[in-house]
Amino acid sequence: MSLSSNALPASPFPIFTTVASYREWREKAYDEKKSVGFVATMGALHEGHLSLVRRSLAANDLTVLSIFVNPAQFAPNEDLATYPRSLPDDVELLSSLSLSVDLPDEKGISESVTRTPSALFLPTVSEMYPSGISQDVSEQKGTFVEVKGYGHQMEGKTRPTFFRGVATAVTKLFNVIEPTRTYFGQKDIQQALLLRRMTRDLLLSHPSPENLYIVPTARDTISSLALASRNAYLTPRERDYAAPALYDALQVGERAWESGETKAECVSHAHRVISETMARLNGIGKERIEMQLDYIEFNDPEGFDVLPDAVTLEQWESEEGRGGQERPIILSGALWVGRTRLIDNIILGDPLRIGMMI
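The name given to the protein in an unreviewed UniProt entry is Pantoate--beta-alanine ligase, with Laetiporus sulphureus 93-53 as the source organism. According to the UniProt record, the Pathway (unreviewed entry) comment for the protein is "Cofactor biosynthesis; (R)-pantothenate biosynthesis; (R)-pantothenate from (R)-pantoate and beta-alanine: step 1/1." Recorded under Sequence similarities (unreviewed entry), the UniProt text for the protein is reproduced unchanged: "Belongs to the pantothenate synthetase family."

Printed below as a string of structure tokens:
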């Protein structure tokens, strides 16, 4: 069942709730030979999402967003029912977004053109999963996409069905939107790299692998906390004093790595930051903040393999046939603060070599 137009907020751009209605609009874009940029979201938009939209506005004639809270990427014990949903605010935020772009006219003379978001795809669960969907993988029926061998490390170690759900939903969205280019955030680096591999393995043309772009993480200007929709779960004290510890820990690990210490030593230094933060925030007489470190790890971005404990920067870059100087590494972590699970990462080495935008 599609959403009633009466239930949708007022918007300066069309909001499509069915595949058929969007495809009719997309066909016109094809006829007019217009490029389409795409940003996939689950809503509860923030500056991190807007940074992706701005990249799309700068490079494409049209920019489409999707908002779909995907049941298949939530395990039965996760927060599907309580995930932040704020459609009216999201539409209002997008309605106020614009970007001036200098483009050549028919005579080759540059002129300024203002671009704004062009459309929003807002499908129902039944539209995206015609065969139905259960959060329990053992009960699921229908067609699903799995990127074998790349979804059990890092985030997949803690959330074993997560990337199967992501790959399935994003494949469907790519098939509907048919984007010329698409944009994902570095905060979810494993997801972005896995989806690029998926586009290559499935021989997709919209987008092609080289047109899936990874945009640097947007951060709070004061605390450097990576922006995320789930940050809305944090209390003010958790947000201001506990949550930034994850990025602080990763930065300490980065500095130790660059100074020549082993991977194991770098991880130990990073763990110490979390422990010291917990002790400082939960001292005698202070209101307790629950913190639990999930992981901090160094992974090869090619296959997400964990680096050996004894390896150093010098050894990593000197391995024959493996890339040499500025060979990239993903230094990532996950931390529970209260009921909120935070993730973050730093790319060590040259981020351009894994397709990061600058």
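Picking up after the structure, the text goes on.
Undergrad: Can you break down the pattern of salt bridges residue by residue, with the values?
TA: Taken as a whole and judged by the stated rule, the model has 16 salt bridges. In this structure, Glu297 and Lys263 form a salt bridge, with 2.7 Å as the shortest nitrogen-oxygen distance. Of this pair, Glu297 sits in strand S9 (residues 291-299) while Lys263 is found in helix H10 (residues 263-281), placing the two residues 34 residues apart along the sequence. By the burial criterion, Glu297 is buried, and Lys263 matches it. Here Arg327 and Asp300 are joined by a salt bridge, their closest N and O atoms 3.9 Å apart.

Undergrad: I'd like to hear about the environment of Arg196, residue by residue, with values.
TA: Looking at the secondary structure, you find Arg196 in helix H7 (residues 189-201). Between the alpha carbons of Arg196 and Gln315 there is a distance of 28 Å; along the sequence they are 119 residues apart. At 2.9 Å, the side chain of Arg196 and the backbone oxygen of Leu212 are in polar contact. Separated by 3.5 Å, the side chain of Arg196 and the backbone oxygen of Gly355 make a polar contact.

Undergrad: Can you explain the sheet that holds strand S7 (residues 181-185)? Please cite residues and give values.
TA: Taken together, the 6 strands give an open sheet; going across it, the order is S1-S6-S3-S2-S7-S8, and neighbouring strands pair in parallel fashion. At either end of the open sheet lies a strand with only one pairing partner, and these are strand S1 (15-16) and strand S8 (212-215). Taken together, the 4 bridges between S7 and S8 define a ladder with parallel strand orientation. Residue pairing for S8: Thr182 is matched across the bridge by Leu212. Contacts from helix H2 (residues 47-59) reach strand S2 (36-41), strand S3 (62-67), S7 and S8 within the one sheet, and its direction differs from that of S7 by about 155°.

Undergrad: Any details on the packing of helix H9 (residues 245-258) against H10? Residues and values, ideally.
TA: At their nearest, the axes of H9 and H10 sit 8 Å apart, and the two run at 150° to each other. As the angle between them shows, H9 and H10 are arranged roughly antiparallel. In this structure, H9 crosses over H10, and the sense of that crossing is right-handed. The residues of H10 that touch H9, namely those facing Ala245, Leu246, Asp248, Ala249, Val252, Gly253, Ala256 and Trp257, are Lys263, Cys266, His269, Ala270, Val273, Ile274 and Thr277. Residue composition of the contact of H9 with H10, grouped by class: 10 nonpolar, 3 polar and 2 charged.

Undergrad: Lay out the sheet that holds strand S11 (residues 340-348) in plain terms, naming residues and giving numbers.
TA: The pairing of strands in a sheet comes from backbone hydrogen bonds and takes either a parallel or an antiparallel form. Strands sit in the order S9-S10-S11 across an open sheet of 3 strands; the sheet is antiparallel. Two strands bound the open sheet, and with one partner strand each, they are S9 and S11. Pairwise comparison of adjacent strand axes, ignoring direction, gives a mean angle of 10° for this sheet. Of the strand pairs in this sheet, strand S10 (residues 329-337) and S11 are connected by 9 bridges, and their pairing is antiparallel. Counterpart to Gly333 in the pairing with S11 is Asp344. Here H9 sits on the sheet in contact with S9, S10 and S11, set at roughly 25° to S11.

Each value, and the rule that gives it
- Residues numbered from 1 in each chain as written.
- Predicted model: local features only at pLDDT ≥ 70, side-chain atom pairs only at ≥ 80, totals over all residues.
- Heavy atoms only, no water.
- UniProt positions renumbered as here; feature names shortened; annotations may be inferred.
- Salt bridge = Lys/Arg side-chain N within 4 Å of Asp/Glu carboxyl O.
- Helix = DSSP H or I, 4+ residues; strand = E, 2+ residues; numbered from the N terminus.
- Buried < 20%, exposed > 50% of the residue type's maximum accessible area, 1.4 Å probe, protein only.
- Polar contact = N/O pair within 3.5 Å; in protein donor to acceptor, adjacent residues only side chain to side chain.
- Pairing = 2+ DSSP bridges.
- Contact = heavy atoms within 4.5 Å.
- Axes fitted to C-alpha atoms, helices over the stretch in contact; angles between N-to-C directions.
- Parallel < 35°, antiparallel > 145°, perpendicular 65-115°, else oblique.
- Left-handed = near helix turned anticlockwise from the far one by under 90°.
- Nonpolar A, V, L, I, M, F, W, Y, C, P; charged D, E, K, R; others polar.

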